[in-house]
Amino acid sequence: MCNCVCSPEQKQTAEQNTEQVVDLSRQRLKVLPADILKKPHISQLILDRNRLKNVTDLRKLRNLKTLILSKNELLDFPSDIGALPYLEKLHLNQNKIQQIPEGILSQLSRLKQLKLNNNRLTDLPGDLACCKELEYLNLSHNLIEEIPETVATLGKLEEFYVDNNKLCKLPCVLFDGGCLRKFTARANPLREPPDEVCAGGLQQIRSYFKQLQTNESFEDKRVKTMFLGASMAGKSTLCKSLAKRELVTIAEHDRTIGIEINEFQTDDFSFLCWDFAGQLEYYLTHHVFITPQALVILVIDLHR
Ligand SMILES: Nc1nc2c(ncn2[C@@H]2O[C@H](COP(=O)(O)OP(=O)(O)OP(=O)(O)O)[C@@H](O)[C@H]2O)c(=O)[nH]1
């Protein structure tokens with residue numbers, strides 16, 4: 001609030017210089033109020049948690065630096081966003097957007113933060129790579145099948161999230177240098193790098209690709225081995241006997257609680273043996289540990 005005595009012109013200049021924030025979140029809005037569009041000096045427009053299905057005429061708010069449209073019902077990426085050259089923060093998460101047309105993101109050369117998580121995107125536009133100032137990008141919970149290699153040219157990208165998509169592969173170049181310090185890709189059908197490497201975090205992903213690049217024949221020589229079967233089938237006996245390389249006898253009362261992990265080596269491989277408790281009450285947890293790359297040994301007592 002300006003308390004000084006000033007001319008109308010001075011007042012206007014002061015208004016232009018201050019950050020103008022309009023917060024219309026949680027208003028159940030279905031359309032953008034027309035009077036907002038008459039305020040071209042707005043720099044932050046907060047419209048999250050409304051019922052907006054589309055927003056038009058945003059180009060009238062040319063000075064916007066922050067636009068928050070999270071948790072609405074947007075079906076399309078608002079094309080007018082391309083006419084907001086000063087935009088630094090754009091949140092469009094939790095909508096129903098299926099596609100980002102080419103030619104919009106290339107206009108956003110100052111964009112630093114882009115949230116697009118929880119939409120229905122299947123792919124990404126090529127001009128995402130034009131957002132050279134981008135530091136934060138969240139694409140989690142979409143239907144994306146491929147991360148374009150050009151994302152690696154976003155030299156200022158520090159945080160990148162792609163959890164819960166349909167990615168089978170991550171681009172190697174993304175992990176080669178750059179300033180990425182936070183990255184997650186949980187719940188994807190990943191094969192390259194394997195899920196287990198991804199679970200180990202950014203450092204493991206980097207070393208996986210590094211070893212691939214340096215042409216060292218990289219093989220993860222640890223084999224995750226699961227022993228499953230009914231209670232008393234003989235899982236622990238088999239698991240421990242393999243680990244000790246001799247027959248181990250286990251007393252009947254010595255039941256496995258939850259999971260026991262043992263390791264044994266052969267000349268070429270290291271087997272990480274996960275011995276699951278066979279009692280019914282533990283069955284619910286088994287699927288969490290069984291991944292496509294794991295070796296599963298089903299133990300059955302043929303006398304029963
Ligand atoms: N005779 C015979 N007994 C076995 C054999 N394998 C296991 N046993 C016995 O069967 C009992 C149960 O074996 P465990 O290896 O503990 O069975 P488990 O499947 O790990 O059982 P939970 O801990 O309940 O999941 C133990 O008393 C073992 O000594 C086998 O090949 N022959």
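Report on the accompanying structure. A quick note: this is a predicted structure, and the numbers were derived from the prediction, not measured. (Residues numbered from 1 in each chain as written. Predicted model: local features only at pLDDT ≥ 70, side-chain atom pairs only at ≥ 80, totals over all residues.)

### Regarding the overall build of the protein chain
So, step 1. Along the backbone of the protein chain there are 5 helices and 12 strands.
So, step 2. Across the 304 residues that make up the protein chain, the buried fraction comes to 27%.
So, step 3. In the protein chain, of all internal contacts separated by at least 6 residues, the share reaching a separation of at least 24 is 31%. (Helix = DSSP H or I, 4+ residues; strand = E, 2+ residues; numbered from the N terminus. Buried ≥ 20, exposed ≤ 12 C-beta atoms within 10 Å, placed from the backbone. Contact = placed C-beta atoms within 7 Å.)

### Some details on unusual backbone geometry
So, step 1. Going from E192 to P193, the amide bond is cis rather than trans, its omega being -5°.
So, step 2. Its location among the elements puts P193 in the loop between β8 (182–184) and α2 (195–199).
So, step 3. Its identity as a non-glycine residue notwithstanding, D57 has a phi of 65°, on the positive side.
So, step 4. Within the secondary structure, D57 is located in the loop between β2 (42–46) and β3 (66–68).
So, step 5. Using a count of 13 C-beta atoms within 10 Å as the deciding quantity, one classes D57 as partly exposed.

### Details of the nonpolar core
So, step 1. In terms of nonpolar packing, the biggest core is built from 50 residues, with L67 and L87 touching the most fellow members.
So, step 2. It is helix α3 (residues 202–213) that contributes the most residues to this core, 3 residues altogether.
So, step 3. When residues no more than four places from it in sequence are discounted, the contact partners of L87 are L64, K65, L67, I81, L108, R110 and L111.
So, step 4. If you look at the next biggest cluster of nonpolar residues, it comprises 6 residues, including M226, F227, C273 and W274. (Core = buried A, V, L, I, M, F, W, Y, C linked by C-beta atoms within 7 Å.)

### Description of the pairing of strand β10 (residues 259–265)
So, step 1. As paired strands, β10 and strand β11 (residues 270–276) are joined by 7 bridges and run antiparallel to one another. Residue pairing across strands places F264 opposite F271, the latter belonging to β11.
So, step 2. The loop that links β10 with its antiparallel partner β11 comprises 4 residues. (Pairing = 2+ DSSP bridges.)

### Concerning the sheet that holds β10
So, step 1. Taken in spatial order, the 4 strands make up an open sheet running β10-β11-β9-β12, and their pairing is mixed. Looking at strand neighbours, the two that pair on one side only are β10 and β12 (295–298), the edges of this open sheet. Recorded for the sheet is a direction-independent mean angle of 25° between the axes of neighbouring strands.
So, step 2. Where strand β9 (residues 222–228) and β11 come together, 6 bridges link them in parallel fashion. (Axes fitted to C-alpha atoms, helices over the stretch in contact; angles between N-to-C directions.)

### A short note on the environment of Q94
So, step 1. Along the chain, Q94 falls in the loop between β4 (89–91) and β5 (113–115).
So, step 2. Remark: the alpha-carbon pair of Q94 and N119, spanning 25 residues in sequence, is separated by 5.7 Å.
So, step 3. Setting aside its immediate chain neighbours within four residues, Q94 contacts S70, K71 and N118.

### Some points on the sheet that holds strand β1 (residues 20–23)
Strand pairing within a sheet occurs via backbone hydrogen bonds; the two strands may be parallel or antiparallel.
So, step 1. In space, the 8 strands of this open sheet follow the order β1-β2-β3-β4-β5-β6-β7-β8, with parallel pairing throughout. The open sheet terminates on both sides in strands that have one partner only, identified here as β1 and β8. Along the sheet, successive strands turn relative to each other by an average axial angle of 10°, direction set aside.
So, step 2. Judged from the 3 bridges that link them, β5 and strand β6 (residues 136–138) form a sheet pairing that is parallel.

### What to know about α3
So, step 1. Across its 12 residues, α3 extends 16 Å between first and last C-alpha, which sits within 8% of the 16 Å expected from 1.5 Å per residue.
So, step 2. Those residues of α3 that sit buried are I205, Y208 and F209. Around the axis of α3, the buried residues are gathered within 90° of arc, so they sit on the same side.
So, step 3. Check the buried side of α3 and you find it contacts α2. (Expected span 1.5 Å × (residues − 1). Arc of directions from axis to C-beta.)

### Some points on the environment of I100
So, step 1. Counting through the fold element by element, I100 comes out in the loop between β4 and β5.
So, step 2. For the pair I100 and L128, spaced 28 residues apart in sequence, the C-alpha to C-alpha distance is 9.5 Å.
So, step 3. With residues near it in sequence (within four places) discarded, I100 still touches F77, L105, L121, L124 and P125.

### Notes on helix α4 (residues 235–244)
A turn of α-helix holds 3.6 residues, and therefore any two residues three or four places apart point the same way.
So, step 1. Residues of α4 that are buried include every one of K235, S236 and C239, and no others. Viewed along the axis of α4, the buried residues span an arc of 90°, placing them on a single side of the element.
So, step 2. Of the surrounding elements, those touching the buried residues of α4 are β9, β10 and β11.
So, step 3. R245 lies just past α4 and shows a positive phi near 60°.

The analysis is restricted to geometry; functional conclusions fall outside its scope.
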